[in-house]
Amino acid sequence: MNTKDKVVVLDFGGQYSHLIVRRCRELGIYTELHPYDVPLKELKRGTQAEEGTGKIKGIILSGSPFSVHEPGSPKCSSEIVDLNVPILGICYGAQLIAYVKGGVVGEGKKSEFGRTELFFKDCALFDELTERGSEGGISSYRARGKAPPGLAGARAESVMGQSPTINVWMSHGDVIERLASADIIGYTMNSPVAAFRINGRIYGVQFHPEVHHTEKGEKILWNFLYKICGCERNWTIESFVRDKIEEIKSAVGADGRVICGLSGGIDSSTTALLVNKAIGVRLMCIFVDNGLLREGEKEAVINTFRNNFKMRLVFVDVKERFLERLRGVKDAEAKRMVIGELFINIFEEEAKKLGNVDFLAQGTIYPDRIESAGASSRNASRIKSHHNVAGLPEKLGLKLIEPIKDLYKDEVREVAKELGMPSQILNQHPFPGPGLAARIIGEVTEDKLRICREASHVVEEELKKSGWYGKVWQAFAMVGDDVATGVLGDARSLGRIVTIRVVESSEAMTADFVKLPYELLESMSKRITNEVKGVTWVTYAISSKPPATIEPC
């Protein structure tokens, strides 16, 4: 159990919820994401805890695609605002506070999306912000000596004075029209209550300080965390590694033995290094060749961990076993469940061979749990089951160790670097737990596996040759059951359609397709159709996440 004092973000389904968590961690404060409907008693217990025992120092309410007036819109307990802890509402979170406090939230005459000039009042939340106005905004009216349309009275006088403005990122249709119980500390030309303060403890902002588009957004969050919540810096990668090693030692004990499911990817590899640092030779890594690995991956993993790190490693070749179990299985979720169950069965079998094994270590990370609906609201949709989350049987037979389950992918890389991970693994692209099965649409067959593996190798080689490999988050080829007509020589040929997928991301929760040069795409296409037998067409995926996921299955 994590004993760090923390800030809690309540997730109302906003697109930036995870970004709030990441920004707070970047500022040095341990932060967790919780569902909006987390029980009040759980939050109350956290706010009343002793310092240094996991005390909740502040609560942030995220944005949401809903309106507070919409039937079924997500709402936390109204008593949260009565907890003796600082609260910051962002966008929908601010509107929800206003709604609970008897304010008026209505549909705005004009929506605000994108950069907007905010007029703000000096206060703890906006302390030490740089005074700046953008051309064409409120500052342009000052220059002309007239108030902008729609502003009157005190607001107009303030605009015409010397009060500061900054550009903020807005994304809302509803506005807070009135909030009698609050001190208004910010507004825009279209939002009369764009920021407010209640009793010096509760704050609300209509804009998003967590996005880079908001000027001084990081400073605003810093002010909330350190000046308003009174947090002390407690989150660095170095402290995480140090604390996690001690935590593993304590959990395993002096005589406990651990097996680790090692895939060779950054997540399981980092997990193995952390556990190895904690208990040394009492760790046994089990590397399973399930036939779903990338080209050359088996040799690289064995060399890295058995030869470089001198770690105990058992190699298990079960390619035929996996392919047999996957035969005839077409549904993506069903494939993941088959792979997950078989992985765990193999771990249990190998553990019995070793004798007296107590724990299973896994490289589960935060996005795995979120997408499996394991760390979000009870009303959350399961996007996909990750084999190391949903594939666990009810009676595992081993206790579970998941040392990086609260980290995002880029944070895992930082931990790996701190532990001395070789660049070959540190810098390689993420690889899904189900392996190439996640990139094969429909049934997994030997022919589709071969095409997927060989085509993906071509994609990676071309990216490395062109210098693009290190610039993108993930790149691979995928294949399904669709076929298309081609011409080989002078003869008609029917072959598979291969789709190239290249995305950029920072934490895998969102991703955009990469606009690769046409010359590079052309080179990939030529090589795949010439070198990979049975392929006639090559396409490029241009869907972002959301609405798509990164992997097709």
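Please read these numbers as outputs of a predicted model, since none were measured by experiment. (Residues numbered from 1 in each chain as written. Predicted model: local features only at pLDDT ≥ 70, side-chain atom pairs only at ≥ 80, totals over all residues. Heavy atoms only, no water.)

Caption draft 1: Here's a closer look at the environment of histidine 457. Looking at the element boundaries, histidine 457 is found in helix α15 (residues 446–466). For histidine 457, a relative accessible area of 26% corresponds to the partly exposed category. C-alpha of histidine 457 to C-alpha of phenylalanine 476: the two residues are 19 residues apart in sequence and 7.8 Å apart in space. (Helix = DSSP H or I, 4+ residues; strand = E, 2+ residues; numbered from the N terminus. Buried < 20%, exposed > 50% of the residue type's maximum accessible area, 1.4 Å probe, protein only.)

Caption draft 2: Quick look at the pairing of strand β16 (residues 491–504). Summarising burial for β16: 10 of the 14 residues are buried, a large majority. Relative to β16, strand β15 (residues 474–488) runs antiparallel, the two sharing 12 bridges. Residue pairing across strands places valine 479 opposite valine 498, the latter belonging to β16. In this structure, β16 lies alongside strand β18 (residues 535–540), joined through five bridges in parallel fashion. Its bridge partner lying in β18, threonine 499 is registered against threonine 539. The sheet contact formed by β16 and strand β17 (residues 512–513) spans two bridges and is antiparallel. Bridge pairing in β17 links valine 503 to phenylalanine 513. (Pairing = 2+ DSSP bridges.)

Caption draft 3: Focus on the sheet that holds strand β14 (residues 399–401). Within the open sheet, the five strands sit side by side as β12-β11-β10-β13-β14. Their pairing is parallel. Each edge of the open sheet carries a strand with a single partner, namely β12 (313–317) and β14. Averaged over all adjacent pairs, the angle separating strand axes in this sheet is 25°, with direction ignored. For strand β10 (residues 258–262) and strand β13 (residues 359–361), the ladder comprises three bridges, and the chain directions are parallel. Bridging from a neighbouring strand, cysteine 260 pairs with alanine 361 of β13. Against the sheet, helix α8 (residues 266–279) contacts β10, β11 (283–289) and β13, and its axis sits at roughly 160° relative to β10. (Axes fitted to C-alpha atoms, helices over the stretch in contact; angles between N-to-C directions. Contact = heavy atoms within 4.5 Å.)

Caption draft 4: The arrangement of α8 in detail. Here α8 contains 14 residues, and its C-alpha end-to-end distance of 20 Å stays within 8% of the 20 Å for a straight helix at 1.5 Å per residue. For α8, the complete set of buried residues consists of Ile266, Asp267, Ser268, Ser269, Thr270, Thr271, Ala272, Leu273, Leu274, Val275, Ala278 and Ile279. Two residues or fewer after α8 comes glycine 280, characterised by a positive phi angle close to 60°. (Expected span 1.5 Å × (residues − 1).)

Caption draft 5: A look at helix α16 (residues 518–531). Under the 1.5 Å per step criterion, the end-to-end length of α16 is 20 Å for 14 residues, consistent within 8% with the ideal 20 Å. The set of residues buried in α16 consists of Leu520, Leu521, Met524, Arg527 and Ile528. Projected onto a plane normal to the axis of α16, the buried residues spread over an arc of 135° and lie on a single side. The outward face of α16, more than 90 degrees from its buried face, is lined by the exposed residues Tyr518, Glu519 and Asn530. If you follow the buried residues of α16, they end up packed against α15, β16 and β18. (Arc of directions from axis to C-beta.)

Caption draft 6: Just the nonpolar core, in detail. Core analysis: the largest hydrophobic core is formed by 49 residues, its most contacted members being Ile259, Leu463 and Ile528. Of the residues forming this core, the biggest block, eight residues, is contributed by helix α11 (residues 332–354). Ignoring any residue separated from it by four or fewer positions in sequence, one finds isoleucine 259 in contact with Leu283, Met284, Ile286, Phe347, Ala351, Leu354, Val357, Phe359, Leu360, Ala361 and Leu398. Counting residues in each nonpolar core, the second largest holds 40 residues, with Leu262, Leu313, Ile401 and Ile425 among its members. (Core = buried A, V, L, I, M, F, W, Y, C linked by side-chain atoms within 4.5 Å.)

Caption draft 7: Structural detail: the environment of leucine 125. Within the element layout of this structure, leucine 125 appears in the loop between β5 (104–120) and α4 (138–144). Sequence-wise, leucine 125 and glycine 200 are 75 residues apart; in three dimensions their C-alpha atoms are separated by 9.6 Å. If we skip the residues at most four places from it in the chain, leucine 125 touches Leu88, Ile185, Tyr203, Val205, Ile220, Asn223, Phe224 and Ile228.

Caption draft 8: Local environment of unusual backbone geometry. A positive phi angle is found at cysteine 91, which is not glycine, with a value near 55°. Structurally, cysteine 91 is set in the loop between β4 (87–90) and α3 (92–100). Even without being glycine, glutamate 128 reaches a positive phi, approximately 65°. Within the fold, glutamate 128 resides in the loop between β5 and α4. On the basis of relative accessible area, glutamate 128 is assigned to the exposed category, the value being 56%.

Caption draft 9: Layout of the side chain of threonine 31. Topologically, threonine 31 is positioned in strand β2 (residues 31–35). There is a polar contact of 3.0 Å between the side chain of threonine 31 and the backbone oxygen of isoleucine 29. Setting aside residues up to four positions removed in sequence, threonine 31 forms contacts with Val7, Val9, Val21, Cys24 and Arg25. (Polar contact = N/O pair within 3.5 Å; in protein donor to acceptor, adjacent residues only side chain to side chain.)

Caption draft 10: Structural detail: the packing of aromatic side chains. This structure, assessed with the given rule, holds 11 aromatic pairs. Taking 5.4 Å as the distance between ring centres and 65° as the angle between the ring planes, the aromatic pair formed by phenylalanine 322 and phenylalanine 343 counts as edge-to-face. Here phenylalanine 343 lies in helix α11 and phenylalanine 322 lies in helix α10 (residues 319–326), a separation of 21 residues in the sequence. The buried category is assigned to phenylalanine 322, whose relative accessible area is 1%. Take phenylalanine 343: its relative accessible area is 9%, and that puts it in the buried class. Grouping aromatic residues by their ring pairs yields a cluster made of Phe12, Tyr36 and Tyr92. Over the aromatic face of tyrosine 408 sits the side chain of arginine 22, whose NZ or CZ is 5.5 Å from the ring centroid. Directly above the aromatic system of tyrosine 99 lies the positively charged group of lysine 75, at a separation of 5.5 Å from the ring centroid. (Phe/Tyr/Trp six-rings, centres within 6.5 Å; stacked < 30°, edge-to-face > 60°. Lys NZ or Arg CZ within 6 Å of the ring centre and 35° of its normal.)

Caption draft 11: Just the confidence of the model for the protein chain, in detail. The share of residues in the protein chain with pLDDT of 70 or more is 86%, and the mean pLDDT across the chain is 85. For the stretch residues 131–161, pLDDT sits under 50, and the model shows 54 contacts to residues farther than four places along the chain or on other chains. Below pLDDT 50 for its whole length, residues 373–395 participates in 62 contacts with residues either more than four positions away or in separate chains. (pLDDT = per-residue confidence, 0-100.)

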